[in-house]
Amino acid sequence: MLRIMRNKLDAPVFTSPFLKPAGLALRSYSSSAKQMTVREALNSALDEEMSADHNVFLMGEEVGEYQGAYKVSKGLLQKFGPERVVDTPITEAGFTGIGVGAAFYGLRPVVEFMTFNFAMQAIDHIINSAAKTNYMSAGNINVPIVFRGPNGAAAGVGAQHSQCYAAWYGSCPGLKVLIPYSSEDARGLLKAAIRDPDPVVFLENELLYGEAFPVSAEVLDSRFCIPIGKAKIEREGKHVTITAFSKMVGFSLKAAETLAKDGIDAEVINLRSIRPLDRPTINASVRKTNRLVTVEEGFPQHGVGAEICASIVEDSFGYLDSPVERIAGADVPMPYAANLERMALPQVEDIISLENILKDVDENQGAPTSNEDQTPMMPLGVESNLGDAFHETETWQLNGASGLQVWEEVFW
Amino acid sequence: MAQLTRRATDLLKPFSVALSSTRLLTTTTSTTPITVETSLPFTGHRIDPPSRSVETTPQELMTFFRDMALMRRMEIAADSLYKAKLIRGFCHLYDGQEAVAVGMEAAITKKDCIITAYRDHCIFLGRGGTLLQCFAELMGRKDGCSKGKGGSMHFYKKDSGFYGGHGIVGAQIPLGCGLAFAQKYSKDETVTFALYGDGAANQGQLFEALNMAALWDLPAILVCENNHYGMGTAEWRAAKSPAYYKRGDYVPGLKVDGMDVFAVKQACKFAKEHALKNGPIVSAY
């Protein structure tokens, strides 16, 4: 249901994202100089979509009079009024159900969660009422709703406020899951999400709201839209593919810069869309570079990296020169202390220090020459040497030494 | 003798044909108003209940009888099919509760919305669904109303304002308040009836949604169909307060005899008028 608009001069700027040739620039041009924060990008996208379609309305906690918990909806109440910018009580299950019901009727709600941790209270409505209804009704009722809000770790907010839900929502058929990094992503993906006839989970990041990115004139155009399901190659390279999303894209780009000084040319892919996952782009990249590192903030087990790894093994196994490496957050509820929190999340150093990148390629087969650096996985069922902190689970050795260090420091 | 033979042959004819035999033709189309008293009075909570006198016509009486009898037959047949394992999974039956579906339809239009939980076969029929769509769906065929992909708990008919068909106990109540929100947003002057059972009446999301409906004056009518059991557990073991029409506290409530189709019709008419002017109302049948 994309509304196609032509400008007055009839020279198509954007007729439809899908008709646009793939190579053409949705890249931001640094020469255009205009800087826009992610917050401003989201605000402008909401503003424009609400102006264009009266059925679009925003609801959530603090979105109206408070101007948005993170000021993302600043000015919208004044512009559109309380019927269209609806402050709700702190009752996620209730207002999410109300949003989904309004979408059943034909409105286009944007439901804001203060963080996706609180969306767990409403997850029944997101999955059972929104995601599955189009299928269960055989197309009789579609649900054009967007669930948006910050996802993942913030700074010092502790275990109950720091979880990343990309993998959870990414596994659910019937949902689309988008996760922007830059301002261009934020604008284009949010507009696409609001225009989409199906439920979209839009995972933002609180720490990125204030970050500014250059945006081109195309991005600022009110017709601008990014196609759902296409990843973006942020940096081209030939030695290793790094996939990332949200804040980790920034870290991966920094890691790539440092690696470049050592002669390692990393290709960084910004996933943008967790569901549908852009498997063709990732596979094509791995077929080119032959090595893959997946980076994510969330818990490692059943994470996005696990899915990407499986996809590569299914489709491009023969092209791999070494096993896929996953970088993820530590398998532990987010600690509060700053040093522990830093260790529980992937840092730029962790992305750089990977065996995948550092291993030398064997002349004959491309197999790794040495396994010395590799810290062994704890076998199943064996108690970790840290005592019975989490005695039922195997411990994950992530990020080499730093993962182990987290266990030690967190539990003792 | 001739009369006896004719009566016997009437009995052998199919149901619909027997109905339209000569003797009954004069009453089925008559629209002379009749006034009926409901068997029990209404009880109001923070509201004056409506009158016990209900207007009806012979034609309406006939359609009430036909529709309710059809629904009863359908549910009994579904029960047999379920026991024969031709219907799989769940099959929640509405026999005994037909008066609610039929009385409600008599009071409202197809632009008003109804949403219910999984005891939805008869509501679907009342909203204009056909027996074929019903049975085909129950048996997983592509001619079913959800093309066999939904099953017993997922019947929908958006063009007649029927929004399902929901498997999660209590979820339909916030959804129903959302429909009412959209009706108010679109200025349609229509209402939503959100039906639920006495088991769902204890759900937290009901109170969350009711709070918002009352705050924003949404045209939502919550209808508790109290059959005194929540799944397998008796009402007295599950609910501290069985006065479900009072559960809304600051929201007005109405207690109705759900076995009396005239009471249901009157209550729904009354509730619709109230909801359009004053916001939500809770009723218990």
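All values derive from a computational prediction rather than experimental measurement.

Calculation notes
- Residues numbered from 1 in each chain as written.
- Chains lettered and ligands numbered in written order.
- Predicted model: local features only at pLDDT ≥ 70, side-chain atom pairs only at ≥ 80, totals over all residues.
- Heavy atoms only, no water.
- Helix = DSSP H or I, 4+ residues; strand = E, 2+ residues; numbered from the N terminus.
- Rg over C-alpha atoms; globule rule 2.2 N^0.38 Å.
- Buried < 20%, exposed > 50% of the residue type's maximum accessible area, 1.4 Å probe, protein only.
- Areas by Shrake-Rupley, 256 points an atom, 1.4 Å probe, with all protein chains shown as cover.
- Lys, Arg positive; Asp, Glu negative; His and termini not counted.
- Charge placed at Lys NZ, Arg CZ, Asp CG, Glu CD.
- Pairing = 2+ DSSP bridges.
- Axes fitted to C-alpha atoms, helices over the stretch in contact; angles between N-to-C directions.
- Contact = heavy atoms within 4.5 Å.
- Salt bridge = Lys/Arg side-chain N within 4 Å of Asp/Glu carboxyl O.
- pLDDT = per-residue confidence, 0-100.
- Buried area = accessible area lost by both parts, 1.4 Å probe.
- Polar contact = N/O pair within 3.5 Å; in protein donor to acceptor, adjacent residues only side chain to side chain.

Could you give me a rundown of the overall build of chain B, with the residues and numbers involved?
Along the backbone of chain B there are 11 helices and 10 strands. Over its C-alpha atoms chain B spans a radius of gyration of 20 Å, differing by no more than 12% from the 19 Å that the globule rule assigns to 285 residues. Dimensions of chain B, computed from the C-alpha atoms along their principal axes, are close to 70 × 45 × 40 Å. A buried classification covers 53% of the 285 residues belonging to chain B. Approximately 13300 Å² of chain B is accessible, and the part contributed by carbon and sulfur atoms is 57%. Separation between the mean location of the 33 positive side-chain charges and that of the 27 negative ones in chain B comes to 5 Å.

Tell me about the sheet that holds strand E2 (residues 43-45) of chain B, residues and numbers included.
All names here are of chain B. Spatially, the 6 strands line up as an open sheet ordered E2-E9-E10-E6-E5-E4, and their pairing is mixed. Strand pairing shows two members of the sheet lacking a second neighbour, E2 and strand E4 (113-115), which therefore form its edges. Across the sheet, the mean angle separating the axes of adjacent strands is 20° when strand polarity is ignored. Relative to strand E6 (residues 220-225), strand E5 (residues 192-197) runs parallel, the two being bridged by 6 bridges. Each residue of the ladder has a partner; that of Thr192, found in E6, is Ala220. Most of the contacts of helix H11 (residues 261-278) go to E6, to which it runs at about 150°, and overall it touches E5, E6, strand E9 (253-255) and strand E10 (281-284).

Provide a residue-level description of the pattern of salt bridges, including the pertinent values.
All names here are of chain A. Counted under the stated rule, the structure contains 28 salt bridges over all chains. Residues Arg148 and Glu204 are paired through a salt bridge, measuring 2.6 Å at the closest nitrogen-oxygen approach. In this pair, Arg148 is assigned in strand E5 (residues 146-150) and Glu204 in strand E7 (residues 200-204), connecting sequence segments 56 residues apart. Residues joined by salt bridges that share partners form a network here, namely Glu48, Glu49, Arg187, Lys191 and Arg195.

Mind laying out the confidence of the model for chain B, listing which residues take part and the relevant values?
With 91% of its residues at a pLDDT of 70 or more, chain B shows a mean pLDDT of 93. Both scores are available for the predicted complex, with the pTM at 0.85 and the ipTM at 0.90.

Go over the interface of chain A and chain B, please, and point to the residues and values.
Opposite the 35 residues of chain A that make contact, chain B presents 33 residues. Considering only the side of chain A, the residues that lose the most area to chain B are Ile98, Tyr105 and Met136 of chain A, jointly responsible for 27% of the buried surface there. At the boundary of chain A and chain B, one finds 0 salt bridges. For the interface between chain A and chain B, the tally reads 9 residue pairs in polar contact (both at pLDDT 80 or more). Elements with a contribution of two residues or more to the side of chain A that touches chain B: strand E2 (56-60), strand E3 (85-87), helix H3 (92-105), helix H4 (123-131) and helix H5 (133-136) of chain A.

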